[in-house]
Amino acid sequence: FGMIMLEEGFKVFTKGPLQNILKNATDKLYKGITAGALVTALIQSSSLVSVITISFISAGLISLSGGLGLIFGANIGTTATAWLVAGFGLKIKISALAMPMLIFGLIFSFKKNASLKGVGNVLAGLGFFFLGIHYMKEGFDFFKDYIDLTQFAVSGFLGAIIYAGLGIVITTILQSSSATLALILTALAAGQIEYENALALAIGANVGTTITAVLGSLSSNSAGKRLAVAHLIFNVSTGLIALAFIFPLADFVNYLSEIVNIASTDYTLKLALFHTIFNVLGVVIMIPFINRLEKFLLKLFKENDNKGIEEPKYLNEAVLEFPGTLISSVLNESKYLYKNAIFEIVAHALNIHRDDIKSDMKIKKIIKRSDEQIKTDIEDLYYSKVKNIYGQIISFTTRGQQELKLTKKQNNRLSELRLANRRMVEIIKDTRELEKNVTLFLESDNKDIKKEYNKFRKKVVKVLRVIYLFRKNEDK
């Protein structure tokens, strides 16, 4: 419950600073790994970072390679939980800290202000987390007099495999590797599990945490699915390597422990060190294969090239996780709709070729040479290219305004985008009537009315060209 509250609390701040940090740190791999590690260490949830990253990549805000960097970094950042519990949670009486955190946290969580509510949830989450560790520790200590769980210890590689599998199962149920690690560390501190088996459990917890990303990607597009599979491949590969070299790695941990003055019997800190070493080692091993992994994922989940304009290109359930990703997706979908449907319909209704509008040809010359009718069934184009995608845009903006906690600015932005799309549909309806008149009067013997319609066409072509240049040039 503490982990859930922590995640809810930090979700409030993903609207602004955290989103911007993750979004802007994906142009270089080292920046992505660093940002992923730091943010995960701060918010104590690699699952939340995975969900944010999948949402970003589904909305087209970041590239696949940028997303891979964040996922790699999140794996390193998640090791902070083990250090927090081993070095702090089990060494001092944290229940004394938990109560003030819970009291202030619950007070803040009832505030209307979103930021205060977020801070309240974070404090309450930490309070419950610390209290949970305290009760687990007491529970395992009490257990000692009646049940000795170490009698179920299994040594050697068989034990490592069994306990790694158990770690996967526990993390899949708890949906949090941090919660699993807290459980392992408290049991280890109470002497209820063997150190060797605890190492295997930690490896299993790392593999089990990928289930959250996989579940989060089910509703996303192919880009989101690529990232989830990359996360699964990375964690499973790292887990298998760590499992294969578990005993040499354990010896290396003992060697390092002597150097940094960790007592030989301080198994909780040694487990935290082991957890960090195998995660960092996994990232180091995987970095040279990142390009191959990217190519493999692009082949595995191909974009549907036959997808027509009637199918959303940027809208999917994953983008509804955060306001920023929803706004970006609706904006991109609206641009795509304009470029691939509205532009064509309006141009053809005026008997103008789109390539002429995009060219450097003088508008007067375009009008002069465009006197042949372009056969256009606007009704059919509306139903085949516009209606469904317009309905999806309206549906997603409405759901976003109902389901997400939006700021006034974000709410206004979605309303603007919805209005822009409604106007595009109104333009098509007006164009349907206009097209009949243009076709009729351009072939008329009445030179004056033909001249007036050409003036009108000239004005509309000028507008279409200006819009095209706005969209084409980066210097808006």
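The residue count restarts for each chain, going from 1 along the sequence in the order it is written. The model is predicted, so local features are restricted to residues of pLDDT at least 70 and side-chain atom pairs to those at 80 or more, both for listing and for counting; the totals for chains, interfaces and linings are taken over all residues. By convention in this description, side-chain values take in all heavy atoms of the structure and omit both hydrogens and water.

1. Points about the overall build of the protein
Link 1 in the chain: Working definition: helices are DSSP H or I runs of at least four residues, strands are E runs of at least two. Numbering for both runs from the N terminus. Counting its secondary structure elements, the protein contains 22 helices and zero strands.
Link 2 in the chain: Taking 2.2 N^0.38 as the reference for a compact globule, 476 residues should give roughly 23 Å; the C-alpha atoms of the protein span a radius of gyration of 29 Å, well beyond that estimate.
Link 3 in the chain: By definition, residues are in contact when any of their heavy atoms lie within 4.5 Å. In the protein, 77% of the contacts between residues at least 6 apart in sequence involve partners at least 24 apart.
Link 4 in the chain: Computed with the Shrake-Rupley method and a 1.4 Å probe, the accessible areas treat only the protein chains shown as cover for residues. Carbon together with sulfur atoms contributes 60% to the accessible area of the protein, which is approximately 23600 Å² in total.
Link 5 in the chain: For the purpose of charge, His is not counted, nor are the chain termini; Lys and Arg are scored as positive and Asp and Glu as negative. Every charge is mapped to an atom, namely NZ of Lys, CZ of Arg, CG of Asp or CD of Glu. Of the charged side chains in the protein, 56 are positive and 41 negative; the average position of the first set lies 8 Å away from that of the second. For the radius of gyration, the atoms used are the C-alpha atoms, and the globule rule reads 2.2 Å times the number of residues raised to 0.38.

2. What to know about a positive patch on the surface
Link 1 in the chain: Grouping into patches uses exposed residues only, defined as over 30% relative accessible area, and leaves out salt-bridged ones; the cut-off is 9 Å for like charges and 5 Å for nonpolar side chains (Val, Leu, Ile, Met, Phe, Trp, Tyr). Salt bridges are identified by distance alone: a Lys or Arg side-chain nitrogen within 4 Å of an Asp or Glu carboxyl oxygen. The grouping of K313, K335, K339, K358 and R471 at the surface amounts to a positive patch.
Link 2 in the chain: The topology assignment puts K335 in helix 17 (residues 323-349).
Link 3 in the chain: Residue burial is assigned from relative accessible area. The probe radius is 1.4 Å, only protein chains are included, and a residue is buried under 20% of its type maximum, exposed over 50%, and partly exposed in between. Among the residues examined, K335 registers a relative accessible area of 40% and is labelled partly exposed.

3. Here we look at the environment of L256
Link 1 in the chain: Residue position: L256 is located in helix 14 (residues 246-259).
Link 2 in the chain: Not counting the four nearest positions on each side in its chain, L256 is found in contact with L273 and I277.

4. Overview of a nonpolar patch on the surface
Link 1 in the chain: Taken together, the side chains of M99, I103, F104 and I107 present a nonpolar region at the surface, about 400 Å² in accessible area.
Link 2 in the chain: On the secondary structure map, I107 appears in helix 7 (residues 95-109).
Link 3 in the chain: By relative accessible area, I107 is classed as partly exposed at 46%.

5. A short note on the packing of helix 9 (residues 156-174) against helix 10 (residues 177-189)
Link 1 in the chain: One can describe the packing of helix 9 onto helix 10 by two numbers: an axis separation of 8 Å at closest approach and a directional angle of 125°. When the axes of helix 9 and helix 10 are compared, the pair comes out oblique. The two elements helix 9 and helix 10 cross, and the hand of that crossing is right-handed. Packed against helix 9, whose contacting residues are G167, I170, T171 and L174, the element helix 10 presents S177, A179, T180 and L183 at the interface.
Link 2 in the chain: Classifying every residue of the contact of helix 9 with helix 10 by side-chain character gives four nonpolar, four polar and no charged. Lines are fitted to the C-alpha atoms to define the axes, a helix being fitted only along its stretch in contact, and any angle between axes, read from their N-to-C directions, falls within 0 to 180 degrees. Here is the rule for angles: anything less than 35 degrees is roughly parallel, anything more than 145 is roughly antiparallel, 65 through 115 is roughly perpendicular, and the remaining ranges are oblique. By definition, turning the near helix anticlockwise from the far helix through less than a right angle yields a left-handed crossing, and turning it clockwise yields a right-handed one. When residues are sorted by character, Ala, Val, Leu, Ile, Met, Phe, Trp, Tyr, Cys and Pro go into the nonpolar class, Asp, Glu, Lys and Arg into the charged class, and all the rest, Gly among them, into the polar class.

6. Description of helix 15 (residues 267-286)
Link 1 in the chain: One fewer than the residue count of a helix, multiplied by 1.5 Å, yields its expected span. If you check helix 15, its first and last C-alpha atoms are 28 Å apart, about what 20 residues at 1.5 Å a residue would give, namely 28 Å.
Link 2 in the chain: Counting buried residues in helix 15 gives 15 out of 20 residues, a clear majority hidden from the surface.

7. Considerations on the packing of helix 5 (residues 64-77) against helix 16 (residues 290-300)
Link 1 in the chain: Across the interface, helix 5 lies against helix 16 with an axial gap of 11 Å and an inter-helix angle of 120°. Taken as axis vectors, helix 5 and helix 16 run oblique relative to one another. Between helix 5 and helix 16 the crossing geometry is right-handed. Residues L64, S65, L68 and F72 of helix 5 lie in contact with helix 16, whose contacting residues are I290, L293, E294, L297 and L298.
Link 2 in the chain: Its residues assigned to classes, the contact of helix 5 with helix 16 shows seven nonpolar, one polar and one charged.

8. Considerations on the confidence of the model for the protein
Caution applies to low-pLDDT regions: their predicted coordinates should not be interpreted in detail.
Link 1 in the chain: Put simply, the protein has an average pLDDT of 83, and 92% of its residues get 70 or more.
Link 2 in the chain: The element-level mean pLDDT for the protein is lowest in helix 2 (residues 17-24), coming to 66, with helix 14 highest at 91. What pLDDT conveys is the predictor's confidence in a given residue, as a value from 0 to 100.

9. Looking at the nonpolar core
In globular proteins that are soluble, nonpolar side chains generally tend to be buried together.
Link 1 in the chain: The nonpolar core is taken to be a set of buried Ala, Val, Leu, Ile, Met, Phe, Trp, Tyr and Cys residues, with the residues joined through side-chain atoms within 4.5 Å. Of all hydrophobic cores here, the largest spans 79 residues; its most connected members are L271 and F274.
Link 2 in the chain: The biggest single contributor to this core is helix 15, with nine residues.
Link 3 in the chain: When neighbours within four sequence positions are excluded, L271 is seen to be in contact with I184, L185, L188, Y195, A198, L199 and A202.
Link 4 in the chain: With 44 residues, the next largest nonpolar core counts I327, L350, I357 and Y382 among its residues.

10. Description of the pattern of salt bridges
Link 1 in the chain: A full pass over the atoms with the stated rule returns nine salt bridges.
Link 2 in the chain: A salt bridge links R432 to E379, with the shortest nitrogen-to-oxygen separation between them at 2.8 Å. With R432 in helix 21 (residues 408-442) and E379 in helix 20 (residues 378-403), the pair connects residues that are 53 residues apart, well separated along the chain.
Link 3 in the chain: Here E379 falls in the partly exposed class, since its relative accessible area comes to 33%.
Link 4 in the chain: A salt bridge links E433 to R432, with the shortest nitrogen-to-oxygen separation between them at 3.9 Å.

11. Section: the packing of aromatic side chains
Link 1 in the chain: By convention, a stacked pair of Phe, Tyr or Trp rings (six-membered ring in the case of Trp) has centres within 6.5 Å and planes under 30 degrees apart, an edge-to-face pair has planes over 60 apart, and any other such pair is tilted. Within this structure, the stated rule accounts for ten aromatic pairs.
Link 2 in the chain: Judged by centre distance (4.4 Å) and plane angle (25°), the ring pair of F72 and F234 falls under stacked. Residue F72 is found in helix 5, and its partner F234 is found in helix 13 (residues 222-244); the two are separated by 162 residues along the sequence. Side by side, F72 and F234 carry an identical accessibility label, which is buried.

12. A look at unusual backbone geometry
Link 1 in the chain: Unlike most non-glycine residues, N261 shows phi in positive territory, near 60°.
Link 2 in the chain: Position of N261 among the secondary structure elements: in the loop between helix 14 and helix 15.
Link 3 in the chain: At N351, a position not held by glycine, the phi torsion is positive, near 60°.
Link 4 in the chain: As for its position among the elements, N351 is in the loop between helix 17 and helix 18 (354-358).

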